[in-house]
Amino acid sequence: MVIKCLPTGMFGSNCYIIGDKGECALIDAGVESSEVQTAVAELGLKIKYIILTHVHIDHICFADKIKESTDAGLLAHQDDAPALTDPVFNGSAMFGRAKSFGNADMLLKDGDIIEIGSLQLEVIHTPGHTPGGICIKAGNCLFTGDTLFKTSIGRTDFRNGSMEDIMKSIKDKLMKLGDEIIVYPGHGEATSIGFERKYNPFLRI
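We now turn to the structure provided with this report. Only a predicted model underlies this, so the values are computations on that prediction, with no experimental measurement involved.

What counts, and where the lines are drawn
- Residues numbered from 1 in each chain as written.
- Predicted model: local features only at pLDDT ≥ 70, side-chain atom pairs only at ≥ 80, totals over all residues.
- Heavy atoms only, no water.
- Pairing = 2+ DSSP bridges.
- Helix = DSSP H or I, 4+ residues; strand = E, 2+ residues; numbered from the N terminus.
- Axes fitted to C-alpha atoms, helices over the stretch in contact; angles between N-to-C directions.

### Remarks on the sheet that holds strand S10 (residues 141-145)
Moving on, step 1. Within the open sheet, the six strands sit side by side as S7-S8-S9-S10-S13-S14. Their pairing is mixed. Across the chains shown, the open sheet's two edge strands, defined by having one partner strand only, are strand S7 (113-116) and strand S14 (191-192).
Moving on, step 2. With four bridges joining them, S7 and strand S8 (residues 119-125) adopt antiparallel strand pairing. Residue Ile116 lies in a different strand from S8, and its bridge partner there is Leu119.

Here it is in structure tokens:
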């Protein structure tokens, strides 16, 4: 399994390449298409899917360009997918960049499995930051989007955010995973479930 983080996305968002046997998934699309394609080529991979952890502008702003240049399938949770075409709900209007994006090619739900090479990527629905926010588990790696960060959690003061939902998602789903699970968040540096269980102040409330 190959994992590469591109931390140069809009508002410092992370874009991840996860690959195996010549193909890969791009997790979130906040990084310029040219940078993504250069990184993928250097790794000798071909993008099969673009998987959105949630549909906010800083994680989707280059989704259309990357899709057009790679012919990859665009995947989003069924509860977030409608926001792709809604500048208010995807947050682009808030920053004076009102934009409608193309529709998802596949709608995801909790428990879905996405195959990349010999890898099986499990979709974990974690609403709270957005209604259709997801985390993606691949072996002992967990890509958490804006649900869980190192010593923090995703904000819930945007439209359709819910503190109650995000805390339930984290405690009932993510904290049931083993301490050894490596967490790759949508912003900032990697951490682990064990570290967050011990040091994340939101989990001691």
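### Description of the sheet that holds strand S5 (residues 73-77)
Moving on, step 1. Spatial ordering of the open sheet is given by S1-S2-S3-S4-S5-S6, a layout of six strands whose pairing is mixed. Either end of the sheet is taken by a strand with one partner, and the two such strands are strand S1 (2-6) and strand S6 (106-108). Ignoring which end each strand starts from, the neighbouring axes of this sheet average 25 degrees apart.
Moving on, step 2. As judged from the three bridges shared by S5 and S6, these two strands associate in the parallel manner. Across the sheet, the residue bridging to Leu75 is Met106, located in S6.

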